[in-house]
Amino acid sequence: MPLSDPLSQALYAPADPPLRPLPASVVDLLRSLDAPPRLAAHLRAVHDVAAELVEWLDRRHPGITVDRAAVLFGAATHDIGKTVHTAELSGPGSAHEEAGRELLSAHGFGPDLARFAGTHASWTAPGTTLEDLLVSTADKVWKNKRLQELEDLVIAHLARATGGQHWEEYLAFDDLLTRIGDGADGRLAFQATFPVHAQP
């Protein structure tokens, strides 16, 4: 794959730590939207961390059913609304959340997948699933940001699902997030190498 333009580089260039490629459907969507390269790099980093989370969950609790494909899609598209609200690529704002949900719906993705664009910042909302919590966690811990409220919700979900001790789940999850956080500087440096706006 030639890396002749910044978007292709954000999608495919090697990174340290290594980052998995985004799902093909997401790559096609980002290209069709002429997505800002920095957004593509960010989505790739969060998607990679989400993959680490679901792989860990599968190893630790193989009896817990989680929609892996939905988590990975959600992580890969959670900020897709920033193709519409580009000011939120470098500043605060939440307009991208509903815009992302609408954009994904308009491109034929069902509500079960489009929802992550709206739920990734609202983990205390009624009906929040483990999949939603994992996407939200990936969106924080990729840069080593730790939010106890969010982590407690994941831990409580795991303890309920397994009948395990809360403190045991806490220790295991904390260890995982600490290890993921150790790669944050590399992920942040990778993202920062790409421009905020698509090239004309």
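Details of the structure are given in the entry above.
This write-up is about the structure you can find in this document. (Residues numbered from 1 in each chain as written. Predicted model: local features only at pLDDT ≥ 70, side-chain atom pairs only at ≥ 80, totals over all residues. Heavy atoms only, no water.)

## Details of the packing of helix H3 (residues 37-60) against helix H8 (residues 130-141)
Between two packed helices, both the angle of their axes relative to each other and the distance between the axes serve to describe the pair.
For step 1, the next point in the chain: Viewed as axis vectors pointing N to C, H3 and H8 meet at an angle of 125°, and their least axial separation amounts to 8 Å. The angle between the axes of H3 and H8 places the two elements in the oblique class. In this structure, H3 crosses over H8, and the sense of that crossing is right-handed. Residues His 42, Val 46, Val 49, Ala 50, Leu 53, Val 54 and Leu 57 of H3 touch H8, and the partners they reach there are Leu 130, Leu 134, Thr 137, Ala 138, Asp 139 and Val 141. (Axes fitted to C-alpha atoms, helices over the stretch in contact; angles between N-to-C directions. Helix = DSSP H or I, 4+ residues; strand = E, 2+ residues; numbered from the N terminus. Parallel < 35°, antiparallel > 145°, perpendicular 65-115°, else oblique. Left-handed = near helix turned anticlockwise from the far one by under 90°. Contact = heavy atoms within 4.5 Å.)

## A short note on unusual backbone geometry
Excluding glycine, most residues fall at negative phi; most peptide bonds, likewise, are trans.
For step 1, the next point in the chain: With an omega of 5°, the peptide bond running from Asp 16 to Pro 17 counts as cis.
For step 2, the next point in the chain: Along the polypeptide, Pro 17 turns up in the loop between helix H1 (6-12) and helix H2 (24-32).
For step 3, the next point in the chain: A positive phi is found at Asp 34, a non-glycine position, where the angle reads about 50°.
For step 4, the next point in the chain: Counting through the fold element by element, Asp 34 comes out in the loop between H2 and H3.
For step 5, the next point in the chain: On the basis of relative accessible area, Asp 34 is assigned to the partly exposed category, the value being 48%.
For step 6, the next point in the chain: Positive phi values are uncommon outside glycine, yet Asn 144 reaches one of about 65°. (Buried < 20%, exposed > 50% of the residue type's maximum accessible area, 1.4 Å probe, protein only.)

## With respect to the nonpolar core
For step 1, the next point in the chain: Counting residues in each nonpolar core, the largest one holds 60 residues, and the members touching the most others are Leu 22, Leu 30, Leu 53, Leu 104 and Phe 173.
For step 2, the next point in the chain: With 13 residues, H3 is the largest single contributor of residues to this core. (Core = buried A, V, L, I, M, F, W, Y, C linked by side-chain atoms within 4.5 Å.)

## Remarks on a nonpolar patch on the surface
For step 1, the next point in the chain: On the surface, a nonpolar cluster with roughly 330 Å² of combined accessible area is contributed by Trp 167, Tyr 170 and Leu 171.
For step 2, the next point in the chain: For Tyr 170, the location among the structural elements is in helix H10 (residues 166-181).
For step 3, the next point in the chain: Assessed through its relative accessible area of 30%, Tyr 170 is described here as partly exposed. (Patch = residues over 30% accessible without salt bridge, like charges linked within 9 Å, V, L, I, M, F, W, Y side chains within 5 Å. Areas by Shrake-Rupley, 256 points an atom, 1.4 Å probe, with all protein chains shown as cover. Salt bridge = Lys/Arg side-chain N within 4 Å of Asp/Glu carboxyl O.)

## A look at helix H5 (residues 95-106)
For step 1, the next point in the chain: Along its 12 residues, H5 runs 17 Å from first to last C-alpha, staying within 8% of the 16 Å computed at 1.5 Å per residue.
For step 2, the next point in the chain: When H5 is considered as a whole, its buried residues turn out to be His 96, Glu 97, Ala 99, Gly 100, Leu 103 and Leu 104.
For step 3, the next point in the chain: Structurally, H5 contributes buried residues whose contacts are with H2, helix H4 (68-77), helix H6 (111-114) and helix H7 (116-119). (Expected span 1.5 Å × (residues − 1).)

## Quick word on the pattern of salt bridges
For step 1, the next point in the chain: As enumerated under the stated definition, the model contains 10 salt bridges in all.
For step 2, the next point in the chain: A salt bridge links Arg 60 to Glu 169, with the shortest nitrogen-to-oxygen separation between them at 3.3 Å. Placement of Arg 60 in helix H3 and of Glu 169 in helix H10 is noted, with a sequence separation of 109 residues between them.
For step 3, the next point in the chain: The exposure class of Arg 60 is partly exposed, given its relative accessible area of 34%.
For step 4, the next point in the chain: Residue class for Glu 169 comes out buried when judged on its relative accessible area of 3%.
For step 5, the next point in the chain: The shortest N-O distance in the salt bridge between Glu 98 and Arg 101 comes to 3.2 Å. Here Glu 98 and its partner Arg 101 are both found in helix H5, three residues apart, which amounts to about one turn of the helix.
For step 6, the next point in the chain: In the salt-bridge network here, residues are joined through shared partners; they are Arg 20, Asp 48, Glu 55 and Arg 68.

## Side note on the environment of Ala 172
For step 1, the next point in the chain: Assignment of secondary structure puts Ala 172 in helix H10.
For step 2, the next point in the chain: Taking the C-alpha atoms as reference points, Ala 172 and Phe 73, separated by 99 residues in sequence, lie 25 Å from one another.
For step 3, the next point in the chain: In contact with Ala 172, not counting residues within four places along its chain, are Trp 56 and Arg 60.

## Structural notes on the environment of Pro 111
For step 1, the next point in the chain: Along the chain, Pro 111 turns up in helix H6.
For step 2, the next point in the chain: Between the alpha carbons of Pro 111 and Arg 101 there is a distance of 8.0 Å; along the sequence they are 10 residues apart.

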